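One letter stands for each residue in the lines below.
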Amino acid sequence: MSGTATGPLTGAAPAAPGGTLLARRVREVPGSTWAVAAATATAFLLAFWAVGRTDPHYYYAAAARSMSGGWRNFWFGAYDPAGSLTVDKVPGALWFPALSVRLFGAHTWALLLPQALAAALTVPVLYSAVRRWAGPAAGVAAAAVFALSPVTVVLARVDIPDTFLVLFLVCAARSGFRALQEDRGGPLLAAALWVGAAFHVKMAAAYLVLPALALAYGVAAAGSLRRRLGRLSLAGAVVLAASAVWPLSVALTPAEHRPYVDGSAHNSVWEMLLHYNGLSRFTDRADLSGGSLASFLTDFGGPPGVLRLTGGQLGTEVGWLLPLAVAAALAGLLARRGRPRTDPVRAGWLLWGTWLLVHAVVLSAARAVHPYYTAALVPAVAALTGAGLILAARAWTAGTRPGPLLPLAVSLGGAWAVVLSARGGAPLWQSTLVAAVAVSAAAVLAAGPAVLRGRGAGTPAGAGTPADSETPADSETAAESESESESESESESATDSRPAATQFAAPDPVTATRQAAAPAVLTRVTALAAAALLCGPGLWALSASGRPFTGLTGLNPVSARSTTLPAPAMAALHGFPPDLRLPPEMGTMNMTAPHAGLLAYAEAHHRGERYVLAVPTANTAAPYLRAGRSVLPMGGFTGAAPVPSTAGLARLVSSGELRYVMTGGFHGAMGGRVAQERQGWVAGHCAEVPPARYRSQHVSGPPGAPERLWDCAAAGGER
């Protein structure tokens, strides 16, 4: 029997078995697990608590509603309930809100819930990826940086594909690093599958991570060069195969059994992928009705250049810790010079550093970007910042030469945060608080080493190191570390998997004693530095989490004040002369609310036709589709797609599938020659409904181009 005194023999009430076990299990949970859970919950709450203040992206919301109506529409990404045409991109990111709407109904919160969940799920995945490389503390810091990045928060509040893109790419990075760390081909193929899945979210943007994965694996994986290149070639083939799943299914399906592919002039998925969403992105996009998409977006992201990511709107989205991440990457690579080729720690610096470099170059050089494109930078910034903090904190704790870099980094990071806060229009109290926290933290860190040396000098080297301070390699490679000096000739094949926390030169005995004596101090130091550096972006993200995104502001969600596009740019984009004076009350240009009077008239005279009415472009159709009406979006997103052609329009009318057609309005001038031919056919074969029968106070278009309703059945389709 046990010698423990319990129950009636002691006169004490027996403890509840479940409660005792539960308490013990709770105490056994590592602190890093609680920290990651908190960061995950924070990411979700920041993205979702103000869901009532957000209007979904008008185009994606309409598509999700239509896709939720049936599995054919769901798979092909049909933009309208009748399945006339697809969205103008791959529909992978829309499958999630479409499923949510199918499950919970066409509510705003149902549309936006998958976004918040995806952002929250990215947190533990990123933690796991960084922990494998640099240890739990670095993983926690990276998770916190990601959750509190302003662009992460604002993007997760709106139904835009990039949130899922980031999640899938972080999954790919985790699998890729695991492949080189464990010398296994399976995780490498899993990384390839994740990249292929990311392609179905945002096409070629998913491939920007491939140089980072290939470089890290090609340099650091075990085995001969031929073996490594062979595995990379196989992984590349898997990427292409996984990316081709949806495009091939569309290409192999007869045109009469699927929607028309928007973004193409010939109903071709390859034209949509390679031209419309590919090569034409580097031109002025003449296919947008004479408007220049590049010029349009430049008003958002600012002109190209080296300083684009730290200036304008982009600086307050992603620029807070970008300088620190760059410095950490350089310091990490420098610290690992001379290590064996298979050093996984250096491979981690290569992976995340190359991710950062490739995305930064592309975003800085592109002719035009939305600010939320910078969300793809955040995982690399977070990983490099987390590992860099541990690198500096270990040096500071040990009292080695690089130790003073930690208070210096906190000071400079705080100063830069004050600059960005002021530039973004933050209130004075916010900038003052950021400065005060940074100064206080830097002062504590500057005075810390002396206190630490005084407390740690006499502590045994093995004094109680908690589980969270151990790195993945501390217990697994201790024997390998001891034998490194005995056989330098074998160093090429040895795997030094010590993480970033231990990558400075091996400490002397006194320094080793200090490190072992103060694991709790190391944790507090890292937490203090991280809190100081995250004060600026964290406050900014918190304020952005409740900012209203109404009307069309969801098209370009930013954490700072939204930029109003110049009227000439808006006019040119919609096919009007740049000098057209748009009315100040144009509001959302009829993209978020239908023309109530016109819709009521068309529905009152609807006799079971397939479409309630046809309207110019997917933009005008969006509010009708989101309301669940079967509306034909003529011309697709740009108005230039031949859907329907004049012959197709005649067939729809003669077969009784379509009666009413709208022309004019804010998007009636889009589409060029194809749209003009449709309008000419309507004017020549349909009777105009007198405006007095459906007009209300609704502003139906710019000067001289009101929305006009035509009854094609009244004239019998012939005039």
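Refer to the structure above for everything that follows.
Fair warning: this is a prediction, and the values are worked out from it, not measured in the lab.

Chemist: So what about the overall build of the chain? Which residues, and what values?
Modeler: Along the backbone of the chain there are 29 helices and five strands. Relative to its full complement of 719 residues, the chain shows a buried share of 54%. Considering only contacts within the chain whose residues lie at least 6 apart along the sequence, 77% involve residues at least 24 apart. A total of about 29,200 Å² of accessible surface is found on the chain, and carbon and sulfur atoms cover 65% of it.

Chemist: How would you explain the packing of helix α11 (residues 210-220) against helix α18 (residues 344-365) if you had to name every residue and give the values?
Modeler: Following both chains from N to C, one finds α11 and α18 inclined at 155 degrees, their axes separated by 8 Å at the closest point. It follows from the interaxial angle that α11 and α18 lie roughly antiparallel. Classified by chirality, the crossing of α18 by α11 is right-handed. Of the residues in α18, those in contact with Pro211, Ala212, Leu213, Leu215, Ala216, Val219 and Ala220 of α11 are Ala347, Leu350, Leu351, Thr354, Trp355 and Val358. Broken down by class, the residue content of the contact of α11 with α18 amounts to twelve nonpolar, one polar and no charged.

Chemist: Explain the pattern of salt bridges to me, and be specific about the residues and the numbers.
Modeler: Where charged atoms of side chains with opposite charge meet at close range, the side chains can pair. Across all of its chains, the model carries 13 salt bridges by this definition. Across the pair Arg336 and Asp343 runs a salt bridge, and its minimum N-O distance is 2.8 Å. In this structure, Arg336 and Asp343 share a single accessibility class: buried.

Chemist: Requested: an account of the state of the cysteines, with residues and values cited.
Modeler: Enumeration over the complete set of coordinates arrives at one disulfide. Across a sulfur-sulfur distance of 2.0 Å, Cys686 and Cys712 are joined as a disulfide pair. Residues Cys686 and Cys712 are joined through a disulfide that is right-handed, its torsion about the S-S bond being 90 degrees. Residue Cys686 is located in the loop between α29 (672-685) and β4 (687-688), and its partner Cys712 is located in the segment after β5 (708-711); the two are separated by 26 residues in the primary sequence. For Cys712, a relative accessible area of 0% puts it in the buried group.

The rules behind each value
Residues numbered from 1 in each chain as written. Predicted model: local features only at pLDDT ≥ 70, side-chain atom pairs only at ≥ 80, totals over all residues. Heavy atoms only, no water. Helix = DSSP H or I, 4+ residues; strand = E, 2+ residues; numbered from the N terminus. Buried < 20%, exposed > 50% of the residue type's maximum accessible area, 1.4 Å probe, protein only. Contact = heavy atoms within 4.5 Å. Areas by Shrake-Rupley, 256 points an atom, 1.4 Å probe, with all protein chains shown as cover. Axes fitted to C-alpha atoms, helices over the stretch in contact; angles between N-to-C directions. Parallel < 35°, antiparallel > 145°, perpendicular 65-115°, else oblique. Left-handed = near helix turned anticlockwise from the far one by under 90°. Nonpolar A, V, L, I, M, F, W, Y, C, P; charged D, E, K, R; others polar. Salt bridge = Lys/Arg side-chain N within 4 Å of Asp/Glu carboxyl O. Disulfide = S-S within 2.5 Å.

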